[in-house]
Structures are given as C-alpha cells and as structure tokens.
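# Reading the structure
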Amino acid sequence: MESSYDVIQNQLHIINSLIKRLIESQGLGAELNTNESTVVSSENKSKILSMLKVREKLQGRLPKQQSKQDKNLELLVGNFYYHDNQYAKAISSYDKLLKADPSNLNSLINKGIATSKLGNHKDAISLYDKVLEIDPNYFDALHCKGDSLTLLSKHDEALSCYEQTLEIDPNYFDGLYKKGLALLNLQHYKEAIFHFDK
C-alpha cells in the first residue's frame with residue numbers, strides 16, 4: 001500500500017511533466033533567449049500558472065527532504081516567469097536550483113539577467129562574475145556583464161567585456177556595435193566610427 005507521501009510524489013511527478021511539456025510547447029528552453037520575444041498564449045499561461053499553484057501546494061505537503069528538484073524544470077519555470085516579466089519570481093526559481101547546485105551556469109546567468117531587468121546591475125555583475133570564475137569565456141556572461149557595466153557608466157570595464165566577446169566571435173554584430181558605443185562614451189571617436197562601420 002502506498003503512503004500518502006508516495007501518492008503526493010506521483011501527483012507531483014504528473015504535474016511537473018505537464019508543466020514542462022506546456023512550457024516547452026511555447027518555445028522556451030533551459031537557456032534564456034533574451035533576443036527573441038516569446039509570447040505565451042493567454043490560455044497556456046493560465047494553465048501553467050494554475051499548475052504551478054497546484055505544484056506549490058503539493059510540495060508544501062511533502063517533508064523538505066522528500067521534495068526533489070527537477071533542475072531542468074526549475075530553469076523552465078524561471079524562464080517562463082522571465083518572459084512573463086515576473087522577474088522576482090524568475091529569480092526565486094533560479095534560486096531554488098542554485099540552492100541545490102550553486103555552480104549551475106544556466107541558473108547563474110539567467111538570475112543575472114533577471115536581476116539586471118530589475119535594475120540591480122551591481123548584483124547582476126556579481127552573478128556574471130561567478131559564471132566567469134567557472135568559465136572565463138562564457139560568452140553571454142561577458143556580454144551581459146558589459147551591458148550592466150554600461151548602464152552603471154563603467155565604460156572602460158564594459159569595453160573590456162565587449163572586446164572579450166569579439167575575441168571569441170570577431171563577427172559578433174552586437175559586440176561590435178556595443179564596443180563602438182563604449183568607445184563613443186569614452187570619447188574615442190575615431191575608434192568608435194571604425195567599429196560602427198564594421
């Protein structure tokens with residue numbers, strides 16, 4: 001005979017599978033794509049939010065040690081909230097994963113991006129730095145760090161980040177453009193024009 005905890009675990013497994021399938025059907029994955037605007041249909045958004053509430057209630061009925069985290073699902077849920085402009089909830093999802101796996105690169109970078117969206121650029125930069133400690137050539141961390149530094153008017157440091165992205169991909173259009181902007185902000189006009197012309 002199954003215990004009540006086993007029944008809850010089975011229900012949670014079913015709900016998690018449905019949430020995962022619905023979020024993935026909207027074109028969302030574990031990697032946060034900030035260049036594309038992903039719009040979740042209102043019908044699916046409503047279904048996902050309802051299932052997330054049920055999931056939260058089920059998790060609350062389990063002892064902490066029995067509540068297992070599905071790493072990929074936490075990323076998907078965080079990315080769903082991100083694309084729904086619910087950045088604090090996205091950060092909360094990424095934090096759940098980071099609690100279990102503090103060096104999870106996707107969670108760190110995604111949390112940094114959501115933190116930046118809330119205007120907390122210093123905190124975002126420290127998250128990007130954690131990513132870069134693990135992988136010094138992590139392209140998105142370099143680029144996003146450059147963007148946050150630019151918003152803090154730290155143009156020398158931002159320039160360095162954009163230069164590093166261009167070392168990885170010399171034809172990266174956004175990197176060339178943003179390097180040009182950084183040079184413009186530093187009043188290096190000739191160099192800026194050169195990068196805008198590329």
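It should be noted that the structure appears before, not after, this text.
Given the structure is predicted, the values throughout are model-derived calculations rather than measurements.

The rules behind the values
Sequence order as written defines residue numbering, which begins from 1 separately in each chain. Selection of residues for local features in this predicted model requires a pLDDT of at least 70, selection of side-chain atom pairs for listing and counting requires 80 or more, and totals for whole chains, interfaces and linings are taken over all residues. Side-chain numbers come from the whole structure's heavy atoms, not from hydrogens or water. Runs of E in the DSSP output that reach at least two residues are strands. Runs of H or I that reach at least four are helices, and both are numbered from the N terminus. Three labels apply to residues, based on accessible area from a 1.4 Å probe with only protein chains included: buried if under 20% of the type maximum, exposed if over 50%, partly exposed otherwise in between. By definition, residues are in contact when any of their heavy atoms lie within 4.5 Å. Working convention for charge: Lys and Arg count positive, Asp and Glu count negative, and His plus the chain ends are omitted. Charge positions are represented by NZ for Lys, CZ for Arg, CG for Asp and CD for Glu. Here a helix's expected span is defined as the number of its residues, less one, multiplied by 1.5 Å. Any Phe, Tyr or Trp ring, taking Trp's six-membered ring, that has another such ring centre within 6.5 Å forms a pair; planes under 30 degrees apart are called stacked, those over 60 apart edge-to-face, and the others tilted. Criterion for a salt bridge: a side-chain nitrogen of Lys or Arg within 4 Å of a carboxyl oxygen of Asp or Glu. Here a polar contact is taken to be a pair of N or O atoms separated by no more than 3.5 Å, where protein atoms must pair a possible hydrogen donor with a possible acceptor and residues adjacent in sequence count only if both atoms sit in side chains.

## Considerations on the overall build of the protein
- A tally of regular secondary structure across the protein gives ten helices and zero strands.
- Secondary structure of the protein in N-to-C order comes out as α-α-α-α-α-α-α-α-α-α.
- Along the first, second and third principal axes, the C-alpha atoms of the protein reach 75 × 35 × 25 Å.
- Looking at the protein as a whole, 43% of its 198 residues qualify as buried.
- For the protein, contacts bridging at least 24 residues in sequence account for 52% of all contacts bridging at least 6.
- For the protein, the separation between the mean place of its 24 positive charges and that of its 26 negative charges on side chains is 8 Å.

## Observations regarding the side chain of Ser-107
- Position of Ser-107 among the secondary structure elements: in helix 5 (residues 105-117).
- The contacts of Ser-107, once residues within four sequence positions are left out, are Leu-75, Tyr-94, Leu-97 and Leu-98.

## Observations concerning helix 7 (residues 139-151)
- Spanning 13 residues, helix 7 covers 19 Å between terminal C-alpha atoms, matching the ideal 18 Å at 1.5 Å per step.
- Among the residues making up helix 7, those that are buried are Ala-141, Leu-142, His-143, Cys-144, Lys-145, Gly-146, Ser-148 and Leu-149.
- Residues of helix 7 that are buried in the fold lie against helix 5, helix 6 (121-134), helix 8 (155-168) and helix 9 (173-185).
- Of the residues one or two after helix 7, Ser-153 is the one with positive phi, at around 60 degrees.

## Comments concerning unusual backbone geometry
- Despite not being glycine, Asn-85 has its phi angle at roughly 60 degrees, a positive value.
- As for its position among the elements, Asn-85 is in the loop between helix 3 (71-83) and helix 4 (87-100).
- Take Asn-85: its relative accessible area is 54%, and that puts it in the exposed class.

## Overview of the environment of Leu-118
- Positionally, Leu-118 belongs in the loop between helix 5 and helix 6.
- Here Leu-118 falls in the partly exposed class, since its relative accessible area comes to 42%.
- Linking Leu-118 and Tyr-87, residues 31 residues apart in sequence, is a C-alpha distance of 7.0 Å.

## With respect to the packing of aromatic side chains
- Summed over the entire model, instances satisfying the criterion amount to three aromatic pairs.
- Here the aromatic rings of Phe-80 and Tyr-81 are separated by 5.5 Å at their centres, their planes lie at 50 degrees, and the arrangement is tilted. Each member of the pair, Phe-80 as well as Tyr-81, is classed as buried.

## Some points on the pattern of salt bridges
- Following the criterion strictly, the structure yields eight salt bridges and no others.
- Linking Arg-55 and Glu-74 is a salt bridge whose minimum nitrogen-to-oxygen distance equals 2.3 Å. Here Arg-55 is found in helix 2 (residues 42-60), whereas its partner Glu-74 is found in helix 3, with 19 residues between them in sequence.
- Accessibility expressed as a relative area gives 4% for Arg-55, which makes it buried.
- The class of Glu-74 is buried, set by a relative accessible area of 1%.
- Here Lys-111 makes a salt bridge to Asp-95, at a shortest N to O gap of 2.6 Å. Here Lys-111 is found in helix 5, whereas its partner Asp-95 is found in helix 4, with 16 residues between them in sequence.
- The partly exposed category is assigned to Asp-95, whose relative accessible area is 30%.
- Connected through salt bridges with shared partners, the residues Asp-147, Asp-174 and Lys-178 form a single ionic network.

## Focus: the environment of Arg-55
- Sequence-wise, Arg-55 and Asn-16 are 39 residues apart; in three dimensions their C-alpha atoms are separated by 7.4 Å.
- A polar atom in the side chain of Arg-55 sits 2.9 Å from the side chain of Asn-16.

## Focus on the side chain of Thr-115
- Secondary-structure assignment places Thr-115 in helix 5.
- Owing to a relative accessible area of 6%, Thr-115 belongs among the buried residues under this scheme.
- In contact with Thr-115, not counting residues within four places along its chain, are Ile-91, Asn-120, Asp-123, Ala-124 and Leu-127.

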